[in-house]
Amino acid sequence: MKPLLITKIDIYRFSIPMVPFTIATGTMDHAMNVFIRVHTDAGFYGVGECSAFPMIVGETQDTCLVVAKDFAGLWIGKNALETEARLQQLHQCIAGNTTIKSAFDMALYDIAAKHAGLPLYRFLGGERRVVESDITIGIASPEVMAKKAGEFKLSGANILKVKLGKDAVGDVERVKQIREAVGERLAIRIDANQGWSFDDAVFALQAMGKYDIEFCEQPMRTWYDDRLPELMKLSPVKIMADESVYNHHDARKQINSGSCDYINIKMAKSGGIFEAKQIHDLAAAKGIACMMGGMLESRIALSAKLHFVYASPNIKFYDMDTCMLGHLVDPCVGGVTYDGYKLNIEDMPGIGADADEGFLAKCEKFSV
């Protein structure tokens, strides 16, 4: 196959103002994202986007920008179609930094699918299916959260994701009031974002068992992973690993030790599609269903995630509501559309999404 050479990479500080959003580890009032375009000698480019969430992944928008410039320098003149080799260059350059790696990974897959003339999901061997996202309720008082839950129910939501982890007693009251507000029909899943101690997790999960909770994401800090098998035995609520699983090696350890019922896959943790597929395939072989999650990405990265979901039959849960959580500007053209809480995308080559030129004109830009 003739090489497709990388000629230039544009890097943008892609900050999206949003309604403040609170989880156990902090509050964000901007989606602090980075957007890239990887240009080729064939006259087209691939796009990638990542969302820095420093309280979770340990990267900031500024660290992503600095590392992105180093990555870009490594790739100039290299073959964009050698996906694994290009990604290995990034891993050899710096450990971790999976958030910014995910943007570069995404751009490579966009290029490969465009080169093949296929939508990304078809390039990955997938097919369309119904994908209905949950909708997230940020941490507030029980009364405020119950009111928001009622509003989401009226808007047609069928699945609520409830952020918890501030205090276990208060969290039980939050879930109690939310269940009372929405009745029995709506699914409720909870996310403690590592906010509980072991004892708090035992108390909260046992107390919430009667409220029909679908699962709990990441109840404790990752340094208590060794206590997850014990918690699994004590909890009436199923446990989903989030921050405990960045890559397929983490997934193997969590599964083999009996530490989770499910796994949440996020591009910002895995470093992109290449590693996400390895997590997915390993979990599928072990009978552990996965969820597609995210940080605060725009519809650009969300489009890549929907393509990945179409190609990943073991993804059974969809937490793909980030663009509905108070983004005050939509910087994307093309891409995912919402029909209520269901996601759709047109059959365009590649990811099928790009950044709005008017929005980009206001962004700080670096070219390598």
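Our structure's up above, just so we're on the same page.
Summarised in this report is the structure supplied together with it.

Analysis parameters
- Residues numbered from 1 in each chain as written.
- Predicted model: local features only at pLDDT ≥ 70, side-chain atom pairs only at ≥ 80, totals over all residues.
- Heavy atoms only, no water.
- Helix = DSSP H or I, 4+ residues; strand = E, 2+ residues; numbered from the N terminus.
- Rg over C-alpha atoms; globule rule 2.2 N^0.38 Å.
- Buried < 20%, exposed > 50% of the residue type's maximum accessible area, 1.4 Å probe, protein only.
- Contact = heavy atoms within 4.5 Å.
- Lys, Arg positive; Asp, Glu negative; His and termini not counted.
- Charge placed at Lys NZ, Arg CZ, Asp CG, Glu CD.
- Patch = residues over 30% accessible without salt bridge, like charges linked within 9 Å, V, L, I, M, F, W, Y side chains within 5 Å.
- Areas by Shrake-Rupley, 256 points an atom, 1.4 Å probe, with all protein chains shown as cover.
- Salt bridge = Lys/Arg side-chain N within 4 Å of Asp/Glu carboxyl O.

## Brief notes about the overall build of the protein chain
And then number 1: If you tally the helices and strands in the protein chain, you get 14 helices and 16 strands.
And then number 2: Radius of gyration (C-alpha) of the protein chain: 20 Å, near the 21 Å computed for a compact globule of 368 residues.
And then number 3: Over its C-alpha atoms, taken along the principal directions, the protein chain stretches across nearly 60 × 40 × 35 Å.
And then number 4: Scored against the burial criterion, the 368 residues of the protein chain give a buried share of 58%.
And then number 5: When contacts within the protein chain are restricted to residue pairs at least 6 apart in sequence, those whose partners lie at least 24 apart make up 73%.
And then number 6: Taken together, the 40 basic and 47 acidic charged side chains of the protein chain have centroids lying 2 Å from each other.

## Some points on a nonpolar patch on the surface
And then number 1: On the surface, Val19, Leu328 and Val329 cluster together into a nonpolar patch covering about 240 Å² of accessible area.
And then number 2: Among the structural elements, Val329 can be located in the loop between strand S11 (315-318) and strand S12 (332-334).

## What to know about the pattern of salt bridges
And then number 1: Evaluated as defined, the whole model comprises 25 salt bridges.
And then number 2: Residues Asp10 and Lys8 are paired through a salt bridge, measuring 3.9 Å at the closest nitrogen-oxygen approach.
And then number 3: Residue Lys8 is classed as partly exposed on the basis of its relative accessible area of 34%.
And then number 4: Each of the salt bridges in this network shares a partner with another, and the network as a whole consists of Lys161, Lys163, Asp191, Glu217 and Asp319.

## Re unusual backbone geometry
And then number 1: Look at Asn97: it is not a glycine, yet its phi comes out positive at around 50°.
And then number 2: Even without a glycine there, the phi angle at Gln218 is positive, about 35°.
And then number 3: Its place among the elements puts Gln218 in the loop between strand S7 (213-217) and helix H9 (228-234).
And then number 4: By relative accessible area, Gln218 is classed as buried at 3%.

## So, the environment of Met32
And then number 1: Within the secondary structure, Met32 is located in strand S2 (residues 26-40).
And then number 2: Take Met32: its relative accessible area is 28%, and that puts it in the partly exposed class.
And then number 3: Distance from Met32 to Phe53, taken between C-alpha atoms, is 7.6 Å for residues 21 residues apart in sequence.
And then number 4: Not counting residues up to four positions away in its chain, the partners in contact with Met32 are Phe14, Ser15, Ser51, Ala52 and Gln61.

That is the geometry; function is a separate question.
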